[in-house]
Amino acid sequence: MKKVLSIVLALALLCVTFAACAGNGTSSTSSASEESSAVSSESSAESESSASSEESTSTEKTKIGILAPAVTHGWVAGVAYYAEQRCKELSDTVDYKLYTSNNAEEMTSQIDDLKSWGAEAIVAFPQWEGMEVPIQEAIDEGIVVVNFDIEIAADGVYRVSGDNESMGVEGAKYIVDKIGTTGKVVVLDVPTSGSVAELRKKGFLDTMKEIAPDMEIVEYATQFTREAGQADFADILTSNDHIDAVYSMDDETSIGVLQAISEATRDDIKVITGGGGCQEYFNMMKENENIWIESSLYSPLMVKDAVDMALDVLAGKDVEPVKIISTTVVDRDNVDEYLDPENTVY
């Protein structure tokens, strides 16, 4: 009986020991689980914070300033128009401020405003003398500056421009294609425009000597306005009883020339060239079936390339400091590709 009692007591003691061990094991597992959960929660919070930070960074927009002369109509106004259009097209990633100015002092003050705003790049059309210093200062402060059309002495400035000499080359080719290698061509020079007219005339005359050396060429001076084109060409028509073609360097001058031709009821002129990219002039191309109207583009639309260049530089891409855009010929055959009903300024 004593042996039986001893065995029962031993078994009971063994069960108690196993129960205690089992209880301690559960407690240890629960604690580890809680620690793991805390680490997982902390890691998740860090991930969410990181993702939120990345999202905030990715939605930050590039700040670009646009500087242009204050002109309400014409080619220069087209520069501001197309620059703003490009920035609007990129509105998901770009913030912009557009300023127009009447002189160098105004444009210099606007550069200071853009610095305060935090502009990372400036696309400038600095027609005023004396802009070298403020533009150089902006570059030295780390702002990317892309000049449109105008070349100035500033280290580190980028530039987008058209090809004036190419415009003359294309104009000569166009006239010869339409009237042949002989005839009388009036060249409307604009001496007051400096290198612009010099290069366009050089391209035209050099090409004519090469492809139509027997062409009779007569030169007259005018201006890059429709008023001057009309008045000057009215006198030219009086002095010349026959003209086969007109080499005009500018669309607005050509609009005036066409008005003078219409008022004089002349039907001898078969070709008139232009230059720029004026919507009003484009619309005349199909309206005048008896005369070939052409424009060698030096379009303000090129300023969009200046905006893109600024963004490429900021993105760290390999960018050539100067981009020259070759001219494109527009006439009645392809003008539909260049009509912009929204553009009422040029």
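The following paragraphs examine the structure supplied in this document.

Calculation criteria
- Residues numbered from 1 in each chain as written.
- Predicted model: local features only at pLDDT ≥ 70, side-chain atom pairs only at ≥ 80, totals over all residues.
- Heavy atoms only, no water.
- Core = buried A, V, L, I, M, F, W, Y, C linked by side-chain atoms within 4.5 Å.
- Buried < 20%, exposed > 50% of the residue type's maximum accessible area, 1.4 Å probe, protein only.
- Helix = DSSP H or I, 4+ residues; strand = E, 2+ residues; numbered from the N terminus.
- Contact = heavy atoms within 4.5 Å.
- Salt bridge = Lys/Arg side-chain N within 4 Å of Asp/Glu carboxyl O.
- Expected span 1.5 Å × (residues − 1).

A few words now on the nonpolar core. Membership of the largest hydrophobic core comes to 56 residues, with the highest contact counts inside it found for Phe 233 and Tyr 281. Here this core gets 8 residues from one element, more than from any other, and that element is helix α2 (residues 75-89). When residues no more than four places from it in sequence are discounted, the contact partners of Phe 233 are Val 186, Leu 188, Ala 228, Ile 243, Val 246, Val 257, Ala 260, Ile 261 and Ile 269.

One pass over the full model with this rule turns up 17 salt bridges. Here Arg 159 and Glu 151 are joined by a salt bridge, their closest N and O atoms 3.7 Å apart. Where Glu 280 meets Arg 226, a salt bridge forms, and the shortest distance between an N and an O atom there is 2.9 Å. One end of the pair, Glu 280, is in helix α9 (residues 279-287); the other, Arg 226, is in helix α7 (residues 226-239), and 54 residues separate them in sequence. When its relative accessible area of 35% is taken as the criterion, Glu 280 is described as partly exposed. Ionic contacts of the salt-bridge type, sharing partners, join the residues Arg 86, Glu 89, Lys 304 and Asp 308 into one network.

Residue position: Val 71 is located in the loop between β1 (62-69) and α2. C-alpha of Val 71 to C-alpha of Thr 100: the two residues are 29 residues apart in sequence and 8.0 Å apart in space. Apart from the residues lying within four places of it in its own chain, the contact partners of Val 71 are Val 76 and Ala 77.

With phi around 75°, Asp 149 is a residue other than glycine that occupies positive phi space. Inspection of the secondary structure assignment puts Asp 149 in the loop between β4 (144-148) and β5 (158-162). At Thr 265, a position not held by glycine, the phi torsion is positive, near 50°.

Counted at 1.5 Å a residue, the expected span for α2 with its 15 residues is 21 Å, and the 21 Å between its end C-alpha atoms agrees. Turning to α2, its buried residues are Trp 75, Val 76, Ala 77, Gly 78, Val 79, Ala 80, Tyr 81, Tyr 82, Ala 83, Arg 86 and Cys 87.

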